[in-house]
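A closer look at the structure
If you want the building blocks of each chain, they are given just below.
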Amino acid sequence: MWEDLFSSVDLLQKGLNASWLRNEVIGNNIANVDTPGYKASGVEFEDLMASALGTDKSSLDLTTTDDRQISKSGTDLSDVEPEVVEDDSTSETLDDNNVDIETQMAALAKNSIEYYTLVSKVNTEFKNLDKAINVS
């Protein structure tokens, strides 16, 4: 029972860590917008988490009838970590740099919104725990 007390906060922390890493990667992409030969990078996390949860549409449904059977996802959520991947697509410029500043700025804005939403959810979780502890 006690080990599940912070399970939702642990999942939110994973999302916050991925969002923080994505912010660093986007910042690095923006800083290298004029660097010849630089290839933009991105962060994969949501697809990895969906796969671990078994909610991705590419996996087959697995029904279990006993806790001792193989789980649906086969992956422990604590093992899911964000991955930095390089975008090897060709560039439209002659210097072989594929960073599109407008795309990066939009991604930065989106990531900021997602990050602050996750922070708000963590705050809500702790407020709910505080309410449960301080019942009058």
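Just so it is clear, the model here is predicted, and its values are computed rather than measured.

The helix and strand tally for the protein stands at three helices and two strands. The 136 residues of the protein split such that 23% are buried. Across the protein, contacts joining residues at least 24 apart in sequence account for 78% of those joining residues at least 6 apart. Carbon and sulfur atoms make up 54% of the accessible area of the protein, which totals about 9900 Å².

Tracing the sequence through the fold places leucine 129 in helix α3 (residues 101-133). Note on leucine 129: relative accessible area 19%, which makes it buried. Linking leucine 129 and phenylalanine 6, residues 123 residues apart in sequence, is a C-alpha distance of 9.4 Å.

Here the focus is the confidence of the model for the protein. Scored by pLDDT, the protein has a mean of 85; 81% of the residues are at 70 or more. Ranking the elements of the protein by mean pLDDT puts helix α2 (residues 46-53) last, at 86, and strand β1 (residues 41-44) first, at 96.

Turning our attention to α3. An ideal rise of 1.5 Å per residue puts 48 Å on 33 residues; α3 measures up with 48 Å between its terminal C-alpha atoms. Those residues of α3 that sit buried are Gln104, Asn111, Leu118, Val122 and Leu129. Contacts from the buried residues of α3 go to α1 (7-31).

What counts and what doesn't
- Residues numbered from 1 in each chain as written.
- Predicted model: local features only at pLDDT ≥ 70, side-chain atom pairs only at ≥ 80, totals over all residues.
- Heavy atoms only, no water.
- Helix = DSSP H or I, 4+ residues; strand = E, 2+ residues; numbered from the N terminus.
- Buried < 20%, exposed > 50% of the residue type's maximum accessible area, 1.4 Å probe, protein only.
- Contact = heavy atoms within 4.5 Å.
- Areas by Shrake-Rupley, 256 points an atom, 1.4 Å probe, with all protein chains shown as cover.
- pLDDT = per-residue confidence, 0-100.
- Expected span 1.5 Å × (residues − 1).

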